[in-house]
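If you want the building blocks of each chain, they are given just below.
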Amino acid sequence: MKIVTMQEFNLIVQISKISKKFEVSDGKNILATGTIRTSTINEILTYTPTTLKPSASLKSQDIYKQFKLRGYCYTDQFCGLEEISYDSSCSSVRWNKNWVTFLDSILQTTDTKSVNSERIHIPTGIDYLIIDGPLHYCNGELPPDCTVTTFSSKESNMIKSRGIELKSIHFAPISVKN
């Protein structure tokens, strides 16, 4: 797969209420498929808030400078990482009432682990994603334009934040067109 710089495209998301299946396409090609379901009692998320240690982390400007040097072109709302620990285990991600940019910023935390890599990796699959809306919104108390702390474990291939959990995230390297 090759990235063409500054190319816009539309994504189409189709959800079947009967089969609970979803499909994401660009109009011609299917890009992702999956199943939507209500979580079970065993899948209820818990959340313990914590804060980053300022001396052991990178700030937003440094994070996106590193990404740009490696060929990523994040702009505007897609620059949602406010801070990340050096080992990428803990980060602060901006919540701006946009699930696409928020989840993308969460996925960016996994690529900071390979900050010394000269290759670009893109997410190609997520085997498990759970979103607990009421927990994420703190039952209506989460203000817009705030930051949410996320935790990442390379060993268990998992990212977790208040009301959100991603497991078994798959990435593939791509080449950049100069």
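Preceding block: the structure.
An account of the accompanying structure is given in this report.

Rules and cut-offs
- Residues numbered from 1 in each chain as written.
- Predicted model: local features only at pLDDT ≥ 70, side-chain atom pairs only at ≥ 80, totals over all residues.
- Heavy atoms only, no water.
- Core = buried A, V, L, I, M, F, W, Y, C linked by side-chain atoms within 4.5 Å.
- Buried < 20%, exposed > 50% of the residue type's maximum accessible area, 1.4 Å probe, protein only.
- Helix = DSSP H or I, 4+ residues; strand = E, 2+ residues; numbered from the N terminus.
- Pairing = 2+ DSSP bridges.
- Axes fitted to C-alpha atoms, helices over the stretch in contact; angles between N-to-C directions.
- Phe/Tyr/Trp six-rings, centres within 6.5 Å; stacked < 30°, edge-to-face > 60°.
- Lys NZ or Arg CZ within 6 Å of the ring centre and 35° of its normal.

**Side note on the nonpolar core**
Counting 21 residues, the largest nonpolar core has Phe102, Ile106 and Leu166 as the members making the most contacts within it. Of all the elements in the fold, those that place two or more residues in this core are α1 (60-69), β6 (81-85), β7 (90-95), α2 (99-111), β9 (146-153) and β11 (164-176).

**Observations regarding the sheet that holds strand β2 (residues 12-15)**
Spatially, β2-β3-β4 is the arrangement adopted by the three strands of the open sheet, whose pairing is antiparallel. Across the chains shown, the open sheet's two edge strands, defined by having one partner strand only, are β2 and β4 (30-35). Averaged over all adjacent pairs, the angle separating strand axes in this sheet is 15°, with direction ignored. Here four bridges tie β2 to strand β3 (residues 21-25), and the two strands are oriented antiparallel to one another.

**Focus on the packing of aromatic side chains**
Going through the model one piece at a time under the given rule, you end up with eight aromatic pairs. Seen in terms of ring centroids, Trp95 and Phe102 are 5.2 Å apart; in terms of plane orientation they differ by 90°. Their pairing is edge-to-face. One exposure class covers both Trp95 and Phe102, and it is buried. Centre to centre, the rings of Trp99 and Phe102 are 6.1 Å apart; their planes meet at 80°, and the pair counts as edge-to-face. Here the residue Trp99 and the residue Phe102 both occupy positions in helix α2, the gap between them amounting to three residues, near one helical turn. With a relative accessible area of 26%, Trp99 lands in the partly exposed category. Among the aromatic residues, those joined into a cluster by ring pairs are Tyr64, Phe67, Tyr72 and Tyr74. Lys167 extends its terminal NZ or CZ atom over the ring of Tyr128, reaching a point 4.8 Å from the ring centre.

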